[in-house]
Number of protein chains: 2
Amino acid sequence: MSAILERLAAIVGPSHLLTAPTDTAPYCLDWRKRYQGKPLAVALPGSTAEVAALLQLAHAEKIPVVPQGGNTGLAGGATPDQSGKALLIALQRMNKLRAMDAANNSMTVEAGMTLAAAQTAAEQANRLFPLSLAAEGSCQIGGNLSTNAGGLAVLRYGTMRELALGLEAVLPDGRVLNALSGLRKDTTGFDVKQLFIGAEGTLGIITAATLKLFPRPTATATALVGVASAEAAIGWLSKLKDAFGDRLSTFEIIAKVCLDLVEQHIPGTRRPFITPWSILLELSDSGDAATLNERLVDWLGAQTLLDAVVAQSETERAALWQLRENISEAQAKDGISLKHDIALPASAIPAFIADADAALKAQFPSCRIVTFGHAGDGNLHYNLSYTRPGNVDLYDDEAKVNEIVYDAVYRHGGTLAAEHGIGQLKTQWLARYKDPVALQIMKTVKAALDPDNLMNPGKVLG
Amino acid sequence: MSAILERLAAIVGPSHLLTAPTDTAPYCLDWRKRYQGKPLAVALPGSTAEVAALLQLAHAEKIPVVPQGGNTGLAGGATPDQSGKALLIALQRMNKLRAMDAANNSMTVEAGMTLAAAQTAAEQANRLFPLSLAAEGSCQIGGNLSTNAGGLAVLRYGTMRELALGLEAVLPDGRVLNALSGLRKDTTGFDVKQLFIGAEGTLGIITAATLKLFPRPTATATALVGVASAEAAIGWLSKLKDAFGDRLSTFEIIAKVCLDLVEQHIPGTRRPFITPWSILLELSDSGDAATLNERLVDWLGAQTLLDAVVAQSETERAALWQLRENISEAQAKDGISLKHDIALPASAIPAFIADADAALKAQFPSCRIVTFGHAGDGNLHYNLSYTRPGNVDLYDDEAKVNEIVYDAVYRHGGTLAAEHGIGQLKTQWLARYKDPVALQIMKTVKAALDPDNLMNPGKVLG
């Protein structure tokens, strides 16, 4: 064992420094199996002090560092390069609840706690931690913060940035920032913790956070509504907000083709009606479920729509959600597709769809576009696929497809990374589409805080 | 006119460069009349391009710059020093609504628009811009962003930081950051706009912003509840959130002494009951007002409390609010008081009050402590006064009083600046109480973006 490895092992303990390829393998391959890296070693620190000691050593010896949470990222942000030079630091052992403050609606957790464990900790205090996404059983709070995670509850509760009251982070040279705080109001200068949220580990390592909690909703009402166009669907967002205010917690739009695929590929699918577009909407509230359901039924009765169904039981609710949740699996069964993690102002979604659809069909006449998403917060899944299974042409065209889609996204005020981040997957696109002065500021701050470019090199800014 | 003044006048037009003392006087004195400065000149730019040209020139000639909004700040953050060297840039001419996007619940406004005008612009589109504070007729959106303004609606809608979706700002060297955006989800690296929010103009000048809008509530229910202690009052915050969720839009706690003062000094005061502590609470919602009121009455009927009254008309509602709103005036009529803009985790408020009260009474046995505030977001008005009018001893003791109060605030996880910022009033306290690594990061970023320390020198970091 080299002298450096011995010093690293002395910090975390020999059993928490992994160097054998069989031990490090799970940390070296990203979730989508698109990136494979090779680290110097994988360190599993057990405390903020150990993270600080690791970064002090890495800083002194100019060792690049790759932080990793649950390794569920979709942009390769937590995978090291092939050089074998980087120290990978995985936070999984730092998974404790440090403090529950139900009366302040906040809790302080370590960065390696899984999102599901954080949800459970809140639940045990009769509170809701609302962040929710597909990987919640594995992804960790530190990764959620580093990618400013979004998911299903953004419409009502905001992204991870809005859910973070305070933060503890270790800087590239090992200094520890203590910005843990349960405060809702604090005007002591610009908010330094914001630098680390969404930075994907390029400015330091988040080790703990104070998170906002909410009352647990006691009533839910769910409906599927059929409308004639994307424009009509988006019009419903304002109507619903006016009628139900913050109770509107889900607003998903689904093009007909999505449910065609679900019906075709997922056995047992029950589709209540067929319309050009569908809206899956959910209200959640304190108080009584029957009253909320009744209010939704009454209100829907007074609207112009093609068709609608309101779930009358938990089974019916689950059936409506399965229509939405099975789209990705149905698509996968149908063949290859190129996916885009984009967001737009909700008002721009109809024009974007018309614009991007036309541009893609001009270039790829046989393509089929599968459009659905969390339209309530502007987040759209905009996926291209061929109907013929086994066709691989589209992968060859990926760069060209991305360019057409991103050009349309930016014409309509959108973003090429809604909730998956940049990682190593989109660095060249970020350089091309992001406001140049914003990029310059990011580089200036990066150079000031990490002059040797040791923190997660090659990610975000490339 | 000097060559520099001629070049400045050429940028904004001679009529928009003020140099005569009678013209510049209103910009040189802060709202509390505590700071009086003397600028080189006051420039009133009419566009972002003019702000950029001013900062380019200031950067090239090493002229310090003081940005100013509505000049209603309470910490001297917008007042220049006495040197006569700084260019004061006031944004009042940049007051346009650039874009209203009701369907996206957002609007883009220039930084010089008053908060009241922004509220009105939202209202005209049948939307709510929820930021609300005493100076709203004069204060400007740029100043609200630069101080991360709070006010009355934070409990439900968050501070200005949470209300800003996008930002346009001019950097110290004149580059223009275009981070205007109506997006709810965007993970293209760390969020550069956050640097300018709460920076009090020390990193650049905010020229425009895209702001979040909300549905307008259609129902309000207001109650005054009497309880036995601060601890009991804080316990009600969780109970109310559990019962009414996001509908809880106001939660103010008021110690008996406050209402004693109101009764004594404000003619026509009608006090429904006398209890050790009172809670002024308000629910707001979409839907029907009578239903909401009824729900509140029913719920209160099932609680343990000393006394309660629910407003049955707009007149009764106004009377309850006047009890709260007249506290400051009653205090002023009663004599000198030392005020503190502090916030704590809501759960820590009772222990803080006990702790700080004891420490102050040990040092100043005759002092009276007048405690009230937006306890729903942890923001407390914690004011000391003597009952004898004309007594000035307390001013002489201000530093000592602050130290006792701030020591207690930080023992309980609070902040010495909840919503007024640091300005020049609290720079020495910031240096003493803020986490040292947070201060170092602030200084590093400041040095990287403004190496000549030209932007609002002497403010925040001193």
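Definitions and limits used
- Residues numbered from 1 in each chain as written.
- Chains lettered and ligands numbered in written order.
- Predicted model: local features only at pLDDT ≥ 70, side-chain atom pairs only at ≥ 80, totals over all residues.
- Heavy atoms only, no water.
- Helix = DSSP H or I, 4+ residues; strand = E, 2+ residues; numbered from the N terminus.
- Rg over C-alpha atoms; globule rule 2.2 N^0.38 Å.
- Buried < 20%, exposed > 50% of the residue type's maximum accessible area, 1.4 Å probe, protein only.
- Contact = heavy atoms within 4.5 Å.
- Areas by Shrake-Rupley, 256 points an atom, 1.4 Å probe, with all protein chains shown as cover.
- Pairing = 2+ DSSP bridges.
- Buried area = accessible area lost by both parts, 1.4 Å probe.
- Salt bridge = Lys/Arg side-chain N within 4 Å of Asp/Glu carboxyl O.
- Polar contact = N/O pair within 3.5 Å; in protein donor to acceptor, adjacent residues only side chain to side chain.

## A few points about the overall build of chain A
And then number 1: Of regular secondary structure, chain A possesses 17 helices and 19 strands.
And then number 2: At 23 Å, chain A has a C-alpha radius of gyration in line with the 23 Å of a compact globule built from 462 residues.
And then number 3: If one aligns the C-alpha atoms of chain A with their principal axes, the spans along those axes are about 70 × 55 × 45 Å.
And then number 4: By the burial criterion, 61% of the 462 residues in chain A qualify as buried.
And then number 5: Long-range contacts, defined as pairs at least 24 residues apart, comprise 73% of the intrachain contacts of chain A with a sequence gap of at least 6.
And then number 6: For chain A, the exposed surface amounts to about 16,400 Å²; the carbon and sulfur share of it is 52%.

## Quick look at the pairing of strand β14 (residues 277-285) of chain B
Side chains on a regular strand alternate between the two faces of the sheet.
Residue and element names in this part refer to chain B.
And then number 1: Counting buried residues along β14, 9 of its 9 residues qualify, which places the element largely inside the surrounding structure.
And then number 2: Residues of β14 alternate between two faces, with Trp 277, Ile 279, Leu 281, Leu 283 and Asp 285 on one and Ser 278, Leu 280, Glu 282 and Ser 284 on the opposite face, all of them buried.
And then number 3: Of the pairings in the sheet, the one linking strand β12 (residues 219-227) to β14 comprises 9 bridges and is antiparallel in character. Within the sheet, the bridge partner assigned to Ala 219 lies in β14 and is Asp 285.
And then number 4: Pairing analysis gives 7 bridges linking strand β13 (residues 248-255) to β14, with the strands arranged antiparallel. Note on β14: the bridge partner recorded for Ile 253 is Ile 279.

## Points about the interface of chain B and chain A
And then number 1: Between chain B and chain A, the contact holds 87 residues from the first and 87 residues from the second.
And then number 2: Counting the surface lost from both chain B and chain A, the interface buries some 6,500 Å², and carbon and sulfur atoms represent 56% of this.
And then number 3: Among the residues chain B hides against chain A, the three largest losses belong to Lys 185, Thr 187 and Phe 190 of chain B. Together they make up 14% of the total.
And then number 4: The interface formed by chain B and chain A holds 14 salt bridges in total.
And then number 5: Across the pair Arg 156 of chain B and Asp 246 of chain A runs a salt bridge, and its minimum N-O distance is 3.2 Å.
And then number 6: Taken together, the connections running from chain B to chain A amount to 41 residue pairs in polar contact (both at pLDDT 80 or more).
And then number 7: Of all the secondary-structure elements, those providing two or more residues to the side of chain B that touches chain A are α6 (154-157), α7 (160-163), β9 (176-179), α8 (230-244) and α17 (436-449) of chain B.

## Description of the sheet that holds strand β3 (residues 65-68) of chain A
Residue and element names in this part refer to chain A.
And then number 1: Pairing in this open sheet of 4 strands is mixed, and the strands run β1-β2-β4-β3 from one edge to the other. Each end of this open sheet is capped by a strand with a single partner; those strands are β1 (17-18) and β3.
And then number 2: Both β1 and strand β2 (residues 41-43) contribute to a ladder of 2 bridges, which runs antiparallel. Each residue of the ladder has a partner; that of Leu 17, found in β2, is Ala 43.

## Observations concerning the environment of Thr 371 of chain A
Residue and element names in this part refer to chain A.
And then number 1: As for its position among the elements, Thr 371 is in strand β18 (residues 368-373).
And then number 2: Residue classification places Thr 371 among the buried positions, given a relative accessible area of 3%.
And then number 3: Taking the C-alpha atoms as reference points, Thr 371 and Leu 163, 208 residues apart in sequence, are found 28 Å from one another.
And then number 4: Sequence-distant contacts of Thr 371, that is, excluding residues within four places in its chain, are made with Ile 253, Ile 254, Ala 255, Cys 258, Trp 277, Ile 353, Leu 380, His 381 and Tyr 382.

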